[in-house]
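Working through the structure, step by step
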Amino acid sequence: MNTEKYKQLIDEIKPFNAKLIAVSKTKPVEDISQLYNEGQRIFGENKVQEMVWKHEALPKDIEWHLIGHLQTNKVKYLTPFVAVIHSVDSIKLLQEINKQAERNNRVIDCLLQISIADEETKFGLSEEELHQLLSSKEFLLLKNIRICGLMGMATNTTDEKKIGTEFSNLKKLFEMVKQKYFAYQSYFKELSIGMSSDYKIALQNGATLIRVGSIIFGDR
Ligand SMILES: *Cc1c(COP(=O)(O)O)cnc(C)c1O
């Protein structure tokens, strides 16, 4: 836990229109409490079970963001409390989130994860799949979810130019999707890009949410 680094990061993102998601995966609740006491309220986790027990153990005004891959059968554990799900990559998953949200009398904010990196291991929709999803009849029926924007992970490389290109392509796609499907929906506004290694590049390319873990909490 490095509160100095945290404060520097907060100062650094201030000039940008972006929020920090403190990625606390694998870290103990003591670390999260410490950051909470510095004023941080948004935390990101990538595993459902871990997020559930941390939510139970910690103050209830924390906004929990799920940033990792989500399996359909685990959705129900999150829906009572999750703030934003960043990793939606299929209509099937979205339908399950909608169903569970309805049971909880909630409308759940979701981001669609787009595959922008070279690596095949990274989850996410292609541009074509994104259009298919947003123009499908099934999608129009969903009343208990809100698509608030797009999420992406750049290729794991030191080539900053390449990372910049991937982020700026996603930003362009975001603008296009906004115009085409969400022109009158002010809630479609989030671009979730950037982690410890590339958040500076993400901020330069229009990030509204950056997901930073190891800079703040130390290596995992
Ligand atoms: C772990 C993780 C992060 C944060 O990674 P750091 O390198 O620790 O900042 C961001 N996004 C996703 C999807 C992650 O799984």
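Residues numbered from 1 in each chain as written. Predicted model: local features only at pLDDT ≥ 70, side-chain atom pairs only at ≥ 80, totals over all residues. Heavy atoms only, no water.

Observations concerning the state of the cysteines
- Applying the stated criterion across every chain yields a total of 0 disulfides.
- A disulfide-free cysteine, C110 has its sulfur positioned 7.6 Å from the sulfur of C148, the nearest such atom.
- The exposure class assigned to C148 is buried, which follows from its relative accessible area of 6%. (Disulfide = S-S within 2.5 Å. Buried < 20%, exposed > 50% of the residue type's maximum accessible area, 1.4 Å probe, protein only.)

Section: the packing of helix α6 (residues 127-134) against helix α8 (residues 160-181)
- Where α6 contacts α8, the axes come no closer than 12 Å and their chain directions differ by 20 degrees. Considering their axes alone, α6 and α8 lie roughly parallel with respect to each other. With respect to the hand of their crossing, α6 and α8 are arranged in right-handed fashion. Contacts from E127, L130, H131 and L134 of α6 reach α8 at L173, M176, V177, K180 and Y181. (Axes fitted to C-alpha atoms, helices over the stretch in contact; angles between N-to-C directions. Helix = DSSP H or I, 4+ residues; strand = E, 2+ residues; numbered from the N terminus. Parallel < 35°, antiparallel > 145°, perpendicular 65-115°, else oblique. Left-handed = near helix turned anticlockwise from the far one by under 90°. Contact = heavy atoms within 4.5 Å.)

A few points about helix α2 (residues 29-37)
- When α2 is considered as a whole, its buried residues turn out to be V29, D31, I32, L35 and Y36. In a view along the axis of α2, the buried residues occupy a sector of 155 degrees, so they form one face of it. Across α2 from its buried face, at more than 90 degrees, point the exposed residues E30 and N37. (Arc of directions from axis to C-beta.)

Structural notes on the nonpolar core
- Counting 63 residues, the largest nonpolar core has I97, L112 and L150 as its most contacted members.
- Per-element tally for this core: the top contributor is α8, with 6 residues.
- Sequence-distant contacts of L150, defined by excluding residues within four places in its chain, comprise L111, L112, I114, L130, L170, L173, F174, F188, E190, L191 and S192.
- The next biggest cluster of nonpolar side chains, apart from the first, holds 8 residues, and it includes I21, I42, L111 and L209. (Core = buried A, V, L, I, M, F, W, Y, C linked by side-chain atoms within 4.5 Å.)

A few points about the site of the ligand
- Near the ligand the following residues occur: V23, K25, I67, M153, M195, S196, R211, V212, G213, S214 and R220.
- Within the backbone of G213, a nitrogen or oxygen atom sits 2.8 Å from an oxygen atom of the ligand.
- With the chains in place, 90% of the 390 Å² that the ligand exposes on its own is no longer accessible.
- The residue makeup of the shell around the ligand, split by class, is 5 nonpolar, 3 polar and 3 charged. (Near = heavy atom within 4 Å. Polar contact = N/O pair within 3.5 Å; in protein donor to acceptor, adjacent residues only side chain to side chain. Areas by Shrake-Rupley, 256 points an atom, 1.4 Å probe, with all protein chains shown as cover. Nonpolar A, V, L, I, M, F, W, Y, C, P; charged D, E, K, R; others polar.)

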